[in-house]
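Commentary on secondary and tertiary structure
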Amino acid sequence: MASAPAFEYAPAPESRSVVDIAPSYGLFIDGEFTDATGGKVFKTVSPSTEEVLSEVAEASAEDVDRAVKAARKAFEKWSALPGAERAKYLFRIARIIQERSRELAVLETLDNGKPIKETRDADLPLVAAHFFYYAGWADKLGHAGFGAEPRPLGVAGQVIPWNFPLLMLAWKIAPALATGNTVVLKPAETTPLSALFFADICRQAGLPKGVVNIVTGDGRTGAALVAHPDVNKVAFTGSTAVGKAIARTVAGTRKKLTLELGGKGANIVFDDAPIDQAVEGIVNGIFFNQGQVCCAGSRLLVQESVQDELLDALKRRLSTLRLGDPLDKNTDIGAINSAEQLARITALADAGEAEGAERWSPACELPGAGYWFAPTLFTNVTQAHTIAREEIFGPVLSVLSFRTPDEAVAKANNTQYGLSAGIWSEKGSRILAVASKLRAGVVWSNTFNKFDPTSPFGGYKESGFGREGGRHGLEAYLDV
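- As recorded by an unreviewed UniProt entry, the protein chain carries the name Betaine-aldehyde dehydrogenase and is attributed to Streptomyces malaysiense.
- UniProt, in the comment section headed Sequence similarities (unreviewed entry), describes the protein chain in these words: "Belongs to the aldehyde dehydrogenase family."

Description of empty space enclosed by the protein
- In the structure shown here, the tally under the stated rule is five cavities of 30 Å³ or more.
- The volume enclosed by the largest cavity comes to roughly 90 Å³.
- If you go around the largest cavity, you meet 17 residues; those closest to its centre are R299, A412, S420, R439 and A440.
- At the level of secondary structure, the elements contributing two or more residues to the lining of the largest cavity comprise helix 13 (405–413) and strand 16 (420–424).

Observations regarding the pattern of salt bridges
- Applying the stated rule across the entire model yields 30 salt bridges.
- For D65, the salt bridge goes to K69, with nearest N and O atoms at 3.1 Å. Here the residue D65 and the residue K69 both occupy positions in helix 1 (residues 61–80), the gap between them amounting to four residues, near one helical turn.
- The exposure class assigned to D65 is partly exposed, which follows from its relative accessible area of 24%.
- In this structure, the salt-bridge partner of D350 is R359, at a minimum N-O distance of 3.2 Å.
- Overall, R359 belongs to the partly exposed group, its relative accessible area being 29%.
- One network of salt bridges, in which partners are shared, links D271, D272, K427 and R430.

As for the packing of helix 3 (residues 101–112) against helix 6 (residues 193–204)
- The contact between helix 3 and helix 6 brings their axes to 9 Å, and the two run at 155 degrees. Put simply, helix 3 runs roughly antiparallel to helix 6. Residue-level contacts link E103, L104, L107, E108 and D111 of helix 3 to L193, S194, F197 and I201 of helix 6.
- Taken together, the residues of the contact of helix 3 with helix 6 break down into five nonpolar, one polar and three charged.

Regarding the domain arrangement of the protein chain
- Annotation of the protein chain at the domain level lists domain 1 (16–261 + 460–475) and domain 2 (266–445).
- For domain 1 and domain 2, the distance between their C-alpha centroids amounts to 30 Å.
- Each partner contributes to the interface: domain 1 provides 32 residues, whereas domain 2 provides 36 residues.
- Carbon and sulfur atoms supply 57% of the area buried between domain 1 and domain 2, which totals about 2700 Å² over both sides.
- Looking only at domain 1, the three residues that lose the most surface to domain 2 are W162, Y460 and K461, adding up to 21% of its buried area.

Points about the sheet that holds strand 1 (residues 24–25)
- Taken in spatial order, the three strands line up as 1-5-4 in an open sheet, and their pairing is mixed. Strands at the two margins of the open sheet, each flanked by one partner only, are strand 1 and strand 4 (41–45).
- As judged from the two bridges shared by strand 1 and strand 5 (residues 52–57), these two strands associate in the parallel manner. Looking at strand 5, one finds that S24 is bridged to E55.
- Most of the contacts of helix 6 go to strand 5, to which it runs at about 65 degrees, and overall it touches strand 1, strand 4 and strand 5.

Definitions and cut-offs
Residues numbered from 1 in each chain as written. Predicted model: local features only at pLDDT ≥ 70, side-chain atom pairs only at ≥ 80, totals over all residues. Heavy atoms only, no water. UniProt positions renumbered as here; feature names shortened; annotations may be inferred. 1 Å grid on protein atoms, 1.4 Å probe; cavity = no way out; pocket = protein on both sides within 12 Å on 5 of 7 lines; lining within 4 Å. Points joined across faces, edges and corners; volume = space filled by probe spheres on them. Helix = DSSP H or I, 4+ residues; strand = E, 2+ residues; numbered from the N terminus. Salt bridge = Lys/Arg side-chain N within 4 Å of Asp/Glu carboxyl O. Buried < 20%, exposed > 50% of the residue type's maximum accessible area, 1.4 Å probe, protein only. Axes fitted to C-alpha atoms, helices over the stretch in contact; angles between N-to-C directions. Parallel < 35°, antiparallel > 145°, perpendicular 65-115°, else oblique. Contact = heavy atoms within 4.5 Å. Nonpolar A, V, L, I, M, F, W, Y, C, P; charged D, E, K, R; others polar. Domains from an automatic or database assignment. Buried area = accessible area lost by both parts, 1.4 Å probe. Pairing = 2+ DSSP bridges.

This is the structure we're talking about:
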């Protein structure tokens, strides 16, 4: 019996008209947008089209100093507010984010390149949820396990990456404000727009001036913020190399530090795993946000007896992924965030091929403009291969095999990173036994890339230290 013909997907673009991007943006300091001291600006482009979206002010060390002074001035009154009063502002911000979620989702897709269905269905609901969650904690800090009257630290300097711009902002700002700190935040230079829209949300919510300040710029702006002597707390999410530099800068000072850095997560599939369910988890683990995820399951460890069956099913599934316009609601794979990141992914994938790994990608037509990379699968990979050791931060999956649970654990732990892992098995006892031996901050069982504001997130080894999210996420912003 012949199979029914597959239906073609008609274009289903989300309208750009819901978001109004200004031709230029200043820095957000002390409740007002202001030009950079030196008048420098940089352009932010849409990765899917290379279209210039806006010009953004580039903050100098003097601008960072202005922002820190504004945050210090606001700290006295903000920290003295009862927790219930701070909570009102956080609840208000959360509700405004929900009200403006469609606008923010389109903005994030334009500036970052990820598919609209990810910004709409994953990023924005989680952003609002983090503000709601920490709003609930603001008047209950005495019951969080950090003493009867835990005190805030002061001014928090926060530097966030480009892969989840608004979500990382929420992870940083929500607990800082709930605990009574004030904030100076620097978004990534390739994705500054959602943070600047958040500044407008702060004004809309009536947040007191100086409580949240946004300084845009490149790594020099971030370095000035981290090194500023009047910053009490530094929080950074990004690459391990930059995290090490920040740790060296902060060493010897009284600044509290949390780092959430790179990863090389192992997704372990045992022979009793439900294959179709595991395939969906593998795809979500490495191709969500084009693999530009610190906790991505970029190493697939599969038990030898089911390797062929799993790879056949995985290749069939990858052949159905749709790559293209991120604003199309049918798109599964969007654009890579920048030309620089695309060059890195390309170089590492080429190195994998040169070292003898077998490369496979589904038939995939890449758009002519923008930054694109086809979903890629490598087999015949050993632990010595570069692609099995280095974080690629792109839609590239390395497949290794194992025979016993002990071998799976040894291979999963054979990395300088320790951020995430996944286990696929029908046996709960096996999942618990293996999970307890994995040196990873987050271990998912029969799922992957599931996040919740109540659950702490963070890593071991070169994936950083400290936890964000949950009750544990409060500690980083309290003087305990």
